[in-house]
Amino acid sequence: MQITNVEESNNFTAGRSIQEKITGAFLVGGSSFDAWLTTTTAQVAQVLLTLPHTLAQMGITSGIVFQLLYGALGCWSCYITMCLYMDYVAILERHNARRKNHIIQWYEVLDGHLGRWWRASGLLFNCALMVSSATIQLIACANTIWYMNNSLDKRTWTFIFGALCFLTVLIPTARNYRLWVFIGIFMTTYTAWYFTIASIFFEKHDKHVQHSAPVSKIQYFTGATNNIYTFGNHALTLEIVEAMDKPRKYKITNVYAILYIFTLTLPSAVSVYWRFGDQMLNYPNALAVLSPSKFRNVAIILMLTHQFIEFSAFVVPVFAMWEKLLGIHCSQNYTLKCIARMPIVLGICFLAIMLPFFGSINSVVGAIISSIGVYILPCLAFMVIRRHKESRENAIEQPPFWIKSWVGVYCINLGLVLWVGIIGAGFGSWASMHNIMHKVEKFGLFAKCFQC
């Protein structure tokens, strides 16, 4: 009898071990490849639909240059964020203060280095960016599905997808959706190359098509800020890094992610704008100009799924912030956490219904939040921290080999702060706010069906 019980116990343990391995293989991941998947998924989704509109605002040359520029600046600010993160982790480990199951976030890094006022700034911009990005994904879902099924208005579709978004409260951490981000890469890749191939080979060519962009300063700087938003989604950097087994590798992983994103954004945006020209000024969503077909329907379904995945990527870090505020972040009570997260999703649904201006909202977020929170703030913090000789000497990451000196690092940081501050936060805010106020005057808040 005792032997039988031991055998049953061994079988049960073996079965549970196999189940955990299968679950881990598909849902849990901490490798550099997992980080690349998550980064690429978070950086590019619904922006694929808006970039042809951006080229129609800026012109093809400026549009391409600004994509490359903000991709490079995004990589640099991500590298700077990583440098400060690694120094902060070293401080925690030196004082034996690192807590298990605690996810380090950007505002905590600022607090550890510079104090509570920097912490407040980091928390404000980081939280605002992720809430805004999650809201944009929900708006994009309603806008995208309407081109496949317009029997319901966009506001009703927002209600439907908003209800589905409540499922994200069940996701424990950023480690727990390896399978979903892997699928997400396939989805964006298909959609980008569908845009490219359909525009070049299958859409009817109008010999009178015009490419007269830029047509105004407002349109030009509004388009520029959409590029800032496109490559300014590395507010998720530390949440992704915290899920990695070897966090220090992320600075290279992010570069590979941006290079891959260029292979999606540039060909698709250029080909759609080349085919349809100034017509794209009236359509923030590229799906509006492509002919109905089964391939377009597949792209719509894939983008809907990807937008839902990206919604979860942005909202999970907000859940972590909220749990810390409530004092339940390190709690083992999973049910309590799920219930506590629901008001966050409810608030995002409210914002999506109130401001359903697909495309325009991207530029506002890029100009006001991404510019400061993701580009300017990390570089300013780095310059303040590294002004001390001791900080420079004890830094885990010394200047890259291609710069060789702290003077070079400071010059790049200062140039980034001035450029993004003037072009993005300055002219960009003016143009994007003017643009969205025009939409509010024309359609009103809580519009039933924006641009139907």
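Below, the structure is looked at part by part. Residue positions are given per chain, counting from 1 as you read along its sequence in written order. For this predicted model, a pLDDT threshold of at least 70 governs which residues receive local features, and a threshold of 80 or more governs which side-chain atom pairs are given and counted, while totals over whole chains, interfaces and linings are taken from all residues. Side-chain measures here rest on the full set of heavy atoms in the structure, leaving out hydrogens and waters.

Considering the overall build of the chain
Line of reasoning, step 1. Broken down by element type, the chain carries 16 helices and zero strands.
Line of reasoning, step 2. Throughout, the radius of gyration refers to the C-alpha atoms, and the reference size of a globule is 2.2 Å times the residue count to the power 0.38. The globule rule puts the C-alpha radius of gyration for 452 residues at 22 Å, and the 23 Å found for the chain is close to it.
Line of reasoning, step 3. Working definition: with a 1.4 Å probe on protein chains only, accessible area under 20% of the residue-type maximum means buried, over 50% means exposed, and in between means partly exposed. The proportion of buried residues among the 452 residues of the chain is 54%.
Line of reasoning, step 4. At a minimum sequence separation of 6, the contacts of the chain that also span at least 24 residues come to 86%.
Line of reasoning, step 5. Counting rule applied: Lys, Arg positive; Asp, Glu negative; His and chain ends not counted. Lysine's charge is taken at NZ, arginine's at CZ, aspartate's at CG and glutamate's at CD. Counting 33 positive and 21 negative side-chain charges, the chain places the centres of these two groups 5 Å from one another. Strands are runs of DSSP state E lasting at least two residues, helices are runs of H or I lasting at least four, and both sets are numbered from the N terminus onward. The contact criterion used throughout is that any non-hydrogen atoms of two residues lie within 4.5 Å.

Quick word on the environment of Ala142
Line of reasoning, step 1. Topologically, Ala142 is positioned in helix α6 (residues 116-146).
Line of reasoning, step 2. Setting aside its immediate chain neighbours within four residues, Ala142 contacts Lys154, Trp157, Thr158 and Phe161.

Describing the nonpolar core
Line of reasoning, step 1. To qualify as a nonpolar core, a set must consist of buried Ala, Val, Leu, Ile, Met, Phe, Trp, Tyr and Cys residues joined through side-chain atoms within 4.5 Å. Counting residues in hydrophobic clusters, the biggest one holds 124 residues, and the most contacted among them are Tyr70, Trp76, Tyr85, Val109, Phe195, Tyr250 and Tyr375.
Line of reasoning, step 2. It is helix α4 (residues 60-94) that provides the largest number of residues to this core, a total of 16 residues.
Line of reasoning, step 3. For Val109, the contacting residues outside a window of four places in its chain are Leu84, Tyr85, Tyr88, Ile104 and Leu238.
Line of reasoning, step 4. If you look at the next biggest cluster of nonpolar residues, it comprises eight residues, including Leu37, Ala257, Leu302 and Ile309.

Topic: helix α16 (residues 406-443)
Line of reasoning, step 1. What the bend at a residue measures is the angle between two axes, fitted to the seven residues ending there and to the seven starting there. Most pronounced at Gly428, the bend in α16 amounts to some 40°.
Line of reasoning, step 2. Following α16 by one or two positions, Gly444 has its phi on the positive side, about 85°.

Considering the pattern of salt bridges
Line of reasoning, step 1. We define a salt bridge as a side-chain nitrogen of Lys or Arg found within 4 Å of a carboxyl oxygen belonging to Asp or Glu. Evaluation of the coordinates by the stated rule reveals seven salt bridges.
Line of reasoning, step 2. For Lys324, the salt bridge identified is with Glu108, shortest N-O distance 3.0 Å. A residue pair is termed long-range when its members are at least 10 positions apart, and Lys324 in helix α12 (residues 294-326) and Glu108 in helix α5 (residues 106-114) qualify at 216 residues.
Line of reasoning, step 3. Between Asp111 and Arg119 there is a salt bridge, and its shortest N-O distance comes to 3.4 Å.
Line of reasoning, step 4. We classify Asp111 as partly exposed; its relative accessible area is 29%.
Line of reasoning, step 5. According to the relative accessible area criterion, Arg119 is partly exposed, its value standing at 29%.

Notes on the packing of aromatic side chains
Line of reasoning, step 1. Pairs were defined over the aromatic rings of Phe, Tyr and Trp, the Trp ring being its six-membered one, requiring ring centres within 6.5 Å. Orientation was assigned from the angle between planes: stacked under 30 degrees, edge-to-face over 60, tilted for the rest. By the definition in use, this model includes 17 aromatic pairs.
Line of reasoning, step 2. Taking 5.3 Å as the distance between ring centres and 65° as the angle between the ring planes, the aromatic pair formed by Trp36 and Tyr260 counts as edge-to-face. One end of the pair, Trp36, is in helix α2 (residues 32-43); the other, Tyr260, is in helix α11 (residues 250-276), with 224 residues separating them in the sequence.
Line of reasoning, step 3. On the basis of relative accessible area, Trp36 is assigned to the buried category, the value being 17%.
Line of reasoning, step 4. Judged by its relative accessible area of 24%, Tyr260 falls in the partly exposed class.
Line of reasoning, step 5. Seen in terms of ring centroids, Phe350 and Phe446 are 5.7 Å apart; in terms of plane orientation they differ by 65°. Their pairing is edge-to-face.

Points about the packing of α6 against helix α7 (residues 154-165)
Line of reasoning, step 1. α7 packs onto α6 with a crossing angle of 125° between their chain directions and a minimal axis gap of 8 Å. By the criterion of interaxial angle, the relationship of α6 to α7 is oblique. Read as a crossing pair, α6 and α7 show a hand that is right-handed. In contact with Leu138, Cys141, Ala142, Asn143, Ile145 and Trp146 of α6, α7 contributes Lys154, Trp157, Thr158, Phe161, Gly162 and Cys165.
Line of reasoning, step 2. Of the residues belonging to the contact of α6 with α7, the class tally is eight nonpolar, three polar and one charged. For helices, the axis comes from a line fit to the C-alpha atoms of the stretch in contact; other axes are also lines fit to C-alpha atoms, and the angle between any two N-to-C directions lies between 0 and 180 degrees. Angles below 35 degrees are treated as roughly parallel, those above 145 as roughly antiparallel, those between 65 and 115 as roughly perpendicular, and all remaining angles as oblique. In a left-handed crossing the near helix is turned counterclockwise from the far helix by less than a right angle, and in a right-handed crossing that turn is clockwise. Here the nonpolar group is Ala, Val, Leu, Ile, Met, Phe, Trp, Tyr, Cys and Pro; Asp, Glu, Lys and Arg are the charged ones; every other residue, Gly included, is treated as polar.

Quick notes on a nonpolar patch on the surface
Line of reasoning, step 1. Two joining distances apply to patches: 9 Å for like charges and 5 Å for nonpolar side chains (Val, Leu, Ile, Met, Phe, Trp, Tyr), and every residue must have over 30% relative accessible area and no salt bridge. Only the protein chains shown count as cover for residues, and all accessible areas are computed by the Shrake-Rupley method using a 1.4 Å probe. On the surface, Leu152, Ile160, Leu164, Leu167, Leu170 and Tyr334 cluster together to form a nonpolar patch covering roughly 510 Å² of accessible area.
Line of reasoning, step 2. Structurally, Tyr334 is set in helix α13 (residues 334-354).

So, helix α14 (residues 360-385)
Line of reasoning, step 1. In this scheme, a helix's expected span is set at 1.5 Å multiplied by one less than its residue total. Between its first and last C-alpha atoms α14 spans 36 Å; for 26 residues at 1.5 Å apiece the expected length is 38 Å, and the two agree.
Line of reasoning, step 2. Remark: the principal bend of α14, roughly 55°, maps to Ser370.
Line of reasoning, step 3. Here α14 lies mainly inside the structure; 22 of its 26 residues are buried.

Focus on the side chain of Thr158
Line of reasoning, step 1. Relative to the elements of secondary structure, Thr158 occurs in helix α7.
Line of reasoning, step 2. The exposure class of Thr158 is buried, given its relative accessible area of 7%.
Line of reasoning, step 3. Residues in contact with Thr158, not counting those within four places in the same chain, are Leu138, Ala142, Ala352 and Ile353.

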